[in-house]
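Structure assessment
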Amino acid sequence: MDSAVRIDTPADTVYHLKAGGAGAILAINELSLWYGAAQALHGVQMSVEKGLVTALIGPSGCGKSTLLRCINRMNDLVDGLRIEGEIRLNGEDIYHKSADVIALRKRMGMVFQKPNPFPMTIYENVVYPLKVDGVRDKALLEETCERALRGAALWNEVKDRLDQSALGMSGGQQQRLCIARAIAADPEVLLMDEPCSALDPIATAKIEDLINDLAGQYTVVIVTHNMQQAARVSDNTAFMYLGRLIEYGDTETIFQTPKSPKTQDYVTGRFG
């Protein structure tokens, strides 16, 4: 592991234990964000390593979901938004004026807190991203559907009812269907915004197993309010507080021997 690098700011000391480098797929450089006059992110700087699971943790309102939504530019839709700094995906500045936002979002799979299957069949849900992109080859669509459902650990449960409505599935199945839809287009990064917050413990365990299975095939960035979940599924963890990145390192270090007193207080339950 890289040695800790302290970055002093007026508000606190930030500990970066992950320097990125050749293995980084995402580089976030001095990212600040305002909603009108209210600043939500303060100079966030971190690199996300390719093929690993990175968890963003912190108390409610700390900026972790805001940061996640910056990565695929979903925050662009918010009135009064202003951003400084940059995010680079494989070296490309995604906020450059020449960046194609639609093309960017095709490179980013997104899974939300609440399952959001479309009101169509299971099959049509999975292949939707390909059809939107103009793919009409039936054999390719069927192959992709099976591959994505297998990748989401759902194929054996639904292979005999692909023509039935996705709205008839259980909540846990719907969330795994949304993951299948997200990976159908083979994205470079899979973003997950508290994907288990609306699920029961059994469905949550299945999603966590799935995240472990997807690690290595995909770069996963997950926002979670559940510290135990972050400890179980992630390779690296970033702790955020009041819109600032406080500490970032491998998950074992963050939870067992953090450098920042704030991180220590949070992971031991003294606040949050």
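Since this is a predicted model, take the numbers as computed values, not measurements.

Conventions used here
Residues numbered from 1 in each chain as written. Predicted model: local features only at pLDDT ≥ 70, side-chain atom pairs only at ≥ 80, totals over all residues. Heavy atoms only, no water. Pairing = 2+ DSSP bridges. Helix = DSSP H or I, 4+ residues; strand = E, 2+ residues; numbered from the N terminus. Contact = heavy atoms within 4.5 Å. Axes fitted to C-alpha atoms, helices over the stretch in contact; angles between N-to-C directions. Phe/Tyr/Trp six-rings, centres within 6.5 Å; stacked < 30°, edge-to-face > 60°. Buried < 20%, exposed > 50% of the residue type's maximum accessible area, 1.4 Å probe, protein only. Parallel < 35°, antiparallel > 145°, perpendicular 65-115°, else oblique. Left-handed = near helix turned anticlockwise from the far one by under 90°. Nonpolar A, V, L, I, M, F, W, Y, C, P; charged D, E, K, R; others polar.

1. Details of the sheet that holds strand 3 (residues 24–35)
Pairing is antiparallel across the open sheet formed by 4 strands, whose spatial order is 4-3-6-7. Sheet topology places strand 4 (38–49) and strand 7 (92–93) at the edges, where each strand pairs with a single neighbour. As judged from the 2 bridges shared by strand 6 (residues 81–89) and strand 7, these two strands associate in the antiparallel manner. Looking across to strand 7, one finds that Arg 88 is bridged to Asp 93. Most of the contacts of helix 1 (residues 64–71) go to strand 3, to which it runs at about 120 degrees, and overall it touches strand 3, strand 4 and strand 6.

2. Regarding the packing of aromatic side chains
This model, assessed by the stated rule, comprises 4 aromatic pairs. Between the aromatic rings of Phe 118 and Tyr 128, the centroid separation amounts to 4.8 Å while the plane-to-plane angle is 65 degrees, which identifies the pairing as edge-to-face. One end of the pair, Phe 118, is in the loop between strand 8 (108–111) and helix 3 (122–132); the other, Tyr 128, is in helix 3, with 10 residues separating them in the sequence. Tyr 128 sits in the partly exposed class, given a relative accessible area of 36%.

3. So, the packing of helix 3 against helix 4 (residues 138–151)
For the pair helix 3 and helix 4, the least separation of the axes is 9 Å and the interaxial angle reads 120 degrees. Considering their axes alone, helix 3 and helix 4 lie oblique with respect to each other. Judged by the sense of rotation from one axis to the other, the crossing of helix 3 with helix 4 is right-handed. Residues Tyr 123, Val 126, Val 127, Leu 130 and Lys 131 of helix 3 pack against Lys 138, Leu 141, Glu 142, Thr 144, Cys 145, Ala 148 and Leu 149 of helix 4. The residue inventory of the contact of helix 3 with helix 4, partitioned by class, reads 8 nonpolar, 1 polar and 3 charged.

4. Brief notes about the packing of helix 6 (residues 171–184) against helix 7 (residues 201–214)
Contact geometry of helix 6 with helix 7 gives a least axis separation of 9 Å together with a crossing angle of 20 degrees. Relative to helix 7, helix 6 is oriented roughly parallel. The handedness of the crossing between helix 6 and helix 7 comes out as right-handed. On helix 7, the residues that touch Gly 172, Gln 175, Arg 176, Ile 179 and Ile 183 of helix 6 are Ala 203, Lys 206, Ile 207, Leu 210 and Leu 214. Split by residue class, the contact of helix 6 with helix 7 holds 6 nonpolar, 2 polar and 2 charged.

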